[in-house]
Every structure is written in C-alpha cells, then in structure tokens.
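Coordinates in review
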2 protein chains.
Amino acid sequence: METDRLDSRKMAILNAIIRNYLETGEPVGSRTISKFTDLSLSSATIRNEMADLEELGYLVQPHTSAGRIPSDKGYRLYVDKMMEDKVEEVNNMKEVLDQKADRIENLLKKVAKLLAVNTNYASMITTPKYRSRKLKFIQLTNVDDEHLLAIIFLEGNIPKNKVIDTDHRYEEEVLLKLNIVLNSLLQDLDLEEINMSIIQKIKDQAGDESTLVGKVLDAIGEAIREEDNIEVYTSGATNILNYPELSSDDSAKKLLYTLEDKQELAELVDNKLSNTGEEHGTGKGDIQVYIGNETPIDSMKNCSVVTATYEIEEGVYGKVGIIGPKRMDYDKVVGTLKTLMTQLDEIFKKK
Amino acid sequence: METDRLDSRKMAILNAIIRNYLETGEPVGSRTISKFTDLSLSSATIRNEMADLEELGYLVQPHTSAGRIPSDKGYRLYVDKMMEDKVEEVNNMKEVLDQKADRIENLLKKVAKLLAVNTNYASMITTPKYRSRKLKFIQLTNVDDEHLLAIIFLEGNIPKNKVIDTDHRYEEEVLLKLNIVLNSLLQDLDLEEINMSIIQKIKDQAGDESTLVGKVLDAIGEAIREEDNIEVYTSGATNILNYPELSSDDSAKKLLYTLEDKQELAELVDNKLSNTGEEHGTGKGDIQVYIGNETPIDSMKNCSVVTATYEIEEGVYGKVGIIGPKRMDYDKVVGTLKTLMTQLDEIFKKK
DNA sequence: TGTTAGCACTCAAGCAAATAGAGTGCTAAC
DNA sequence: GTTAGCACTCTATTTGCTTGAGTGCTAACA
C-alpha cells in the first residue's frame, strides 16, 4: 500500500469523480473531469492521475474503455472526509413527529416512513432494546367466569396484558390477597432473578391457588420476553427499484426479500452492526456508514447502509438505518439522520 | 355474444389451453394442444376451434403468429367451472397456526406468511372489523406519582392500556370510588352512546376529580378508535418478481408499492371488494376471485386477486387475500384459502 | 520534471440485415 | 367434419458493422 497519503490534487480529482458519479451513476472519464473541475488540467494529466488512483485502489474500471467509478475504498475516503466537516442542519421533521404518536410502535413506523420519503432510499428502524426488563407491578382482575386479566407493568412504563383462562370465578378477596403476595415478592425483579426458591415462597403463601400462580408466572415470563423481542420496521423498500444498478438481475429481488423478511434484519442490527461498526464508524454523532462489502448482509453487498443509534432513556437504545445504492447522497443522508436524532432526543426527553 | 354456451369439445380445448398456459406462461399453439390432450385431434382442427374461441372472446392472440392466451373472460369461465367441483382438502396448516399466538396481530402476520410461502404469491390479511366496540369495564390504577394506568377492557376480550399523566398521586380510595362510578355509568356503551349527559353525570359524581375524568374519557375514546382501525399485513410481496409478466416494466414497482403502502390496500379491502365482489364471487365458502380488470386497484390490473372472509365471532370478520399473476394456480389458491378458513374457524371457536 | 497533444487501440452499445422457428389461415382432399 | 399441406406472418436471435467514449502510451514542450 506504500504511501497511502494522497496529495491534494489527487484528492480533488477523486472528489470530483465521486461527486460526478453520485449524480449520474455512469462511469466518469478523464475529459469530463478536465472540464468539470477548475483545476485547469488537460484530460491527459487527469488520465495519469486516474491511473495512479486506480493503482492505489480508490477507483475501478468496469471495462477497458470505460471511465472510472469509485471503489468501496474510494467511497470510504470520501465519506470519512465529508463527515469531518459536516454542519448540523435542522429542518422541520419535528412537526411531523410531534403529533402525538402515543404508542412507540406507531412513532417508529412514522420515522421509518419519514426517512424513506425524505431520502428516497429504503429505511429501517428497530424497536428499542432494553437490557432486561424488571417487573414494576402486577395486578390480577376478574374479567368473567372463565378469564382473569393480568396487568403486568414493566420497567419503563410498559404495560402488558395477559388474559388467563380459569375454570371458575375467583373471589375478589382471594385476588386481592394474591396481588399483594405477588407484588411483595416479585417487585423489581427481572426474569433471571425469579428463581425456584421465590416461586416456591409464592406458592406457599398462595395456598390453594398455586395452579393459578403457575399460570400467572408464565404470563409474566411471556410478557417480559415479548418486550425483549426486537422488531424491525421498514419503509420505502420499493425506492431501491429506482436505482438501475440495484434493480437489475435478481439482486433486487434478494434485497427486497431481505427488507421484507425482517427476521434477518433484526439479527443483523442486533449483533453484527454494533460490533464491526466500531471499525469504520466515525464516532461523531454516532452515525455509521457501511459501504458495499463492509455490510454484513449478503444481499446488500452492492449497497451502502448508514445507521444511527437513538436513545430513549439511559441505556435504552435502538437503531435506525438507511439502505441505498453505493452512490447514495451520503451528505444528505448523514445530515438527515443527524437532525432526526436530535429531534427524537427532544421528543423522548420531554416525555 | 350469440350462443354463449360452449360445446364440450370447445370446453375441453379451452381448458387444456388454460392449464398449459398456467404452467408455462407462454402463448400456447395448436400443435401443443393436439399432443397434450387425449382428444386425438389434429392441430388443424384445434386451430379451427381456437379461432372460434377467440371470436367468442375466451382467447386472445398477442400477435399474429403467436399461440393463444386466455382472456379475462376465459379465466373467468375456467375459475367458475373449477369452483363448482372443488373438493375440500385439508392439510397441516393447523399445526403451524396452533402454536399459541396470543395476540391476534401475531396470528394474522403468521397467516399472511403461511399463505405466501404456500402459494408463492403475495398475500394480505386485514385485522377484523368490529361494528363498534363497547366498553366492558375500566379500571384505574396508580403507577407512580405522575402516572395512572387505565385498563380499558373492550367487548371481545380486548384489553387496552393507557397511561395517563397526572400532577399528583391519587388516594387509593379516590380511585376506587372513581372506578365504581365509571363502570356503573359506562358499562356496555360504545362511543356513540357516551354522550354529554352521561359525561356530565360522571363529572358530577366525581366531584373534585373532574379533570381526571376528562382525561380518562379521552383515553377510552382513543382505545376504542384504535381498535376500530383496520390494519393490513402483507407477506411475500417479492414473490411476484418471480413472474416475468409482472416483473417487467415498472408495473412491478407499482404493485410492490401498493403492497408496501398498506394504506391503499386497507381502504380497498374495506370498501370496494366487499361491494363489487358480489357480482363475480361464486358464493361457495365465501371465496371471491377478481381477474385482471375486475380488481379495483389500478396497479393490479395485470393480476388476479383471490379473497376470502374469515369470521372471528358473530359479525366480526376480516379479509384474507392472495395476489398473483392472472395465470395463477386458481385451483391451489382456492383450495388453500378454503382449508385456511376452516382451520381459522376451529381456532377461533375454541377460544 | 511535470504537463500536454496526438494517435492507435479497445470495448460496449446501437443499428440493420439475415435467419430460424413457431404458429396461423386457407384450400383442397379424404 | 377432419386433416394434410403450403404460403404467409411475425418475433426472437444472431451476425456484422459502425460509432463514440475512453484509455494508455509516446513524444514534444515549458
């Protein structure tokens, strides 16, 4: 790799090539650059420089007599450079988001849609990941002769309902007593802390109603696990069909499939991005850019993925991401994500 | 339209043509049919018959020297005929569905996926439509110093939670009293029945707490409206890219967009399909088939849509649908939907 | 030594003509 | 009523040719 430092002229040329390619999506030739920039260099000189840049791995030639296009490495350099002097800009996303989206689920869907519409790429967003939920309180209520309702209130003000089948109606007093037992023994525990000894203690105190206790504990477990599940919402998947380099072949099919089958995305966002991200992420504002092969999903090897992390409260965070062609408008995307982050921040802090 | 009755030979030929076309997706010629069927007729004879069938509007010739493909009218005849002597077949869908899918939302998503995987077409399913929900009971509970939890139990065993912001903690007694007042006055009412006079009555009885009552009523309204919202889940959208006649042009793009932007689907399923459906629906088992132009959505004019209505309980129903190319395997699709219906039935009845 | 002009060369894309093949309609014979 | 045969039509594929963009290299220039 010899001297990987590029002199300023090479830098300028590379920059010009990338910018041009971002616009047109076509390989760009020496003559174009010779005119396009104000370097006042002839096409021949540019050609020499381009040959150098190719040798250094920043450019690629699709075939002998075509212009050059940026390699992943080229994009990488461009993006890193760009992020350094990115100015914060704020637009009016907030208005849209501020209209009360009571359930977080709806808010996230809205965000995804907003991003997709604004950028014209595909977007995804995950539900926030809690380390592990603790039980805040539980309450059993009669519904009718065959059903009890268990209201399970989890840390983070999350209420969950579970309907429990029963074979008879319970006396109010019994429920009241049970509620007290359950709450006094289970409060502020998470799944791991509810062990056999505690369970036994509850059953002892519950006396005749130990079957019911079993069902209730199952319900609690379910509720916590449910809330632990990360869900992914996507939007604008069809946008990628607007980019010829992605919509050809069946690569588009695979990509669309990945976006539809959130399963794959969920695993990914959770595990991989957070690890490999360190490497290339620029740190600033917690935005990460994955170019081409840097993304861990096969079907996205021809794409770039830009992700950001949002935080709902201390330690509770989720991921937002934009998926587009490698020649995506990084500038705009990063900008959009940054303003989104600040605005989400305000919304959450206020709540 | 003269004598629209086809003799049995024409019928057999039309049938053979359609079957063949369903398989290959290519225009089918006279020679193919001459061999393919056991009518032992020469290609010339078939040609004559085909010319007749074209004149009658059951077949279409893409261009002079190509074979014939079925017209919408041709498909229509085929489907109607097929539905008459369709045998009920039951397969093992049930196993998949039976694993407790506690929340109906998850069940529906599962169903959509199941259909898409089984048929290789796109599928959609709506949440069930209730006429209007009545309030079964409501219960207020303290969460902490700034929040109350309202558990709103709706007709149909649907629990909803609403967190209400407050400026202080309420005494347990106050809440208890309020619970009683609310329940005694609101039980079994739907949104329309909760009028100003009732609201006033509650506020009178609540005394000092009338601000809280206002918030609670808002929460109830929200809960009921939320549950009234029809949502649509789709699956297998990318399957349609497997059918060349749909994936070409940007017709695929539009179709995919329609499937992604559920909004459009929701309106449609709700309004249009249920009306125009009568016309062509074959009644039996409540399955309706819309071929090509019969569908009310523009982006689906090149597709066929098969829908079925499922019933959760008396008067509470939703729609399931399959979207595929006109040459879809109607036989299989209708069969699959029928078994799905019976199995959903069993699941719901058991609950 | 860096820059530039010029030229030969390469390759993809577009175009037109040629070809092959599938399928038809019609006529005449069975 | 059925069939064989034939001329005809039209699409899809192949082929060769041309065009133009772009390159690399060399030689001349400042």
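Above: the structure in question.
So, here is what we can say about the structure in this document. (Residues numbered from 1 in each chain as written. Chains lettered and ligands numbered in written order. Predicted model: local features only at pLDDT ≥ 70, side-chain atom pairs only at ≥ 80, totals over all residues. Heavy atoms only, no water.)

1. A word on the sheet that holds strand E7 (residues 232-235) of chain B
Residue and element names in this part refer to chain B. If you trace the five strands from one edge of the open sheet to the other, you get E7-E3-E10-E9-E8, paired in antiparallel fashion. Each of the sheet's edge strands pairs with one partner strand only, and the pair in question is E7 and strand E8 (287-291). Going across the sheet, the axis of each strand differs from the next one's by a mean of 20°, ignoring polarity. As paired strands, strand E3 (residues 122-126) and E7 are joined by four bridges and run antiparallel to one another. Paired with methionine 124 across the strands is threonine 234, a residue of E7. In the packing of helix H6 (residues 104-119) onto the sheet, the strands contacted are E3, E7, strand E9 (303-313) and strand E10 (316-325), and the crossing angle to E7 comes to about 30°. (Pairing = 2+ DSSP bridges. Helix = DSSP H or I, 4+ residues; strand = E, 2+ residues; numbered from the N terminus. Axes fitted to C-alpha atoms, helices over the stretch in contact; angles between N-to-C directions. Contact = heavy atoms within 4.5 Å.)

2. Description of the relation of the copies chain A and chain B
The operation relating chain A to chain B is a screw motion whose rotation component is 179°, with 0.1 Å of axial translation and a residual RMSD of 0.5 Å. Given the turn and translation reported, the copies of this chain are related as if by a two-fold rotation axis. Both copies present the same face, since 100% of the interface residues in chain A are matched by interface residues at the equivalent positions in chain B. (Least-squares fit on C-alpha atoms with pLDDT ≥ 70 in both.)

3. Remarks on the sheet that holds strand E6 (residues 158-165) of chain A
All names here are of chain A. Strand order in the open sheet formed by three strands is E4-E5-E6, and the pairing between neighbours is antiparallel. The sheet terminates laterally at strand E4 (135-144) and E6, the two strands that pair on one side only. If you compare each strand with its neighbour and ignore which way they point, the axes differ by 20° on average. Where strand E5 (residues 147-154) meets E6, eight bridges bridge the pair, whose relative direction is antiparallel. Along E6, the bridge assignment pairs phenylalanine 153 with proline 159. This element, helix H7 (residues 172-186), spans E4 and E5 of the sheet and lies at about 165° to E4.

4. Thoughts on the packing of H7 of chain A against helix H9 (residues 210-228) of chain A
Residue and element names in this part refer to chain A. The interhelical angle for the contact between H7 and H9, taken along N-to-C directions, is 50°, at an axis separation of 12 Å. By the angle between their directions, the pair H7 and H9 is classed as oblique. Where H7 crosses over H9, the handedness of that crossing is right-handed. In contact with Leu178, Leu182 and Leu186 of H7, H9 contributes Leu212, Val213, Val216, Leu217 and Ile220. When grouped by side-chain class, the residues that make up the contact of H7 with H9 number eight nonpolar, no polar and no charged. (Parallel < 35°, antiparallel > 145°, perpendicular 65-115°, else oblique. Left-handed = near helix turned anticlockwise from the far one by under 90°. Nonpolar A, V, L, I, M, F, W, Y, C, P; charged D, E, K, R; others polar.)

5. What about the protein's contact with DNA strand C?
If you check the shell around DNA strand C, you find 21 residues, and the closest are Arg9, Thr45, Thr64 and Ser65 of chain A together with Ser30 of chain B. If you look at DNA strand C and keep only atoms within 4 Å of the protein, 75% of those are sugar or phosphate atoms. Between DNA strand C and serine 65 of chain B, the relevant distance is 3.3 Å, taken from a sugar or linking oxygen to a main-chain nitrogen or oxygen of the residue. Contributing elements (two or more residues each) for the surface near DNA strand C: helix H3 (43-56) of chain A together with helix H3 (43-55) of chain B. Considering each element in turn, the surface near DNA strand C owes the most residues, four residues, to H3 of chain A. (Near = heavy atom within 4 Å. Polar contact = N/O pair within 3.5 Å; in protein donor to acceptor, adjacent residues only side chain to side chain.)

6. Observations concerning unusual backbone geometry
Of note, the phi angle at serine 40 of chain A is positive, near 45°, even though the residue is not glycine. When its relative accessible area of 66% is taken as the criterion, serine 40 of chain A is described as exposed. The phi dihedral of aspartate 188 of chain B falls on the positive side, at around 65°, and the residue is not glycine. Following the sequence through the fold, aspartate 188 of chain B ends up in the loop between helix H7 (172-186) and helix H8 (196-206). (Buried < 20%, exposed > 50% of the residue type's maximum accessible area, 1.4 Å probe, protein only.)

7. A look at the side chain of lysine 10 of chain A
All names here are of chain A. Within the secondary structure, lysine 10 is located in helix H1 (residues 8-24). Among the polar contacts made by the side chain of lysine 10, one reaches the side chain of glutamate 49 at a distance of 2.9 Å. Not counting the four nearest positions on each side in its chain, lysine 10 is found in contact with Glu49, Asp52 and Leu53.

8. Looking at the protein's contact with DNA strand D
In the neighbourhood of DNA strand D, 21 residues make up the surrounding shell, with Ser30 of chain A together with Arg9, Thr45, Thr64 and Ser65 of chain B lying closest. Close to the protein, within 4 Å, the atoms of DNA strand D belong to sugar or phosphate groups at a rate of 76%. Within the side chain of threonine 45 of chain B, an N or O atom sits 2.6 Å from a phosphate oxygen of DNA strand D. The contact in question runs from a base oxygen of DNA strand D to an N or O atom on the side chain of serine 65 of chain B, over 2.9 Å. Every element with two or more residues in the surface near DNA strand D is listed here: H3 of chain A together with H3 of chain B. For the surface near DNA strand D, the element with the most residues is H3 of chain B, which contributes four residues.

9. Brief notes about the pairing of E5 of chain A
Residue and element names in this part refer to chain A. Most of E5 is tucked away, with eight of its eight residues classed as buried. Taken together, the eight bridges between E4 and E5 define a ladder with antiparallel strand orientation. For asparagine 142, the partnering residue across the bridge sits in E5 and is leucine 148. Where E4 folds back onto E5 in an antiparallel hairpin, the turn is made up of two residues.

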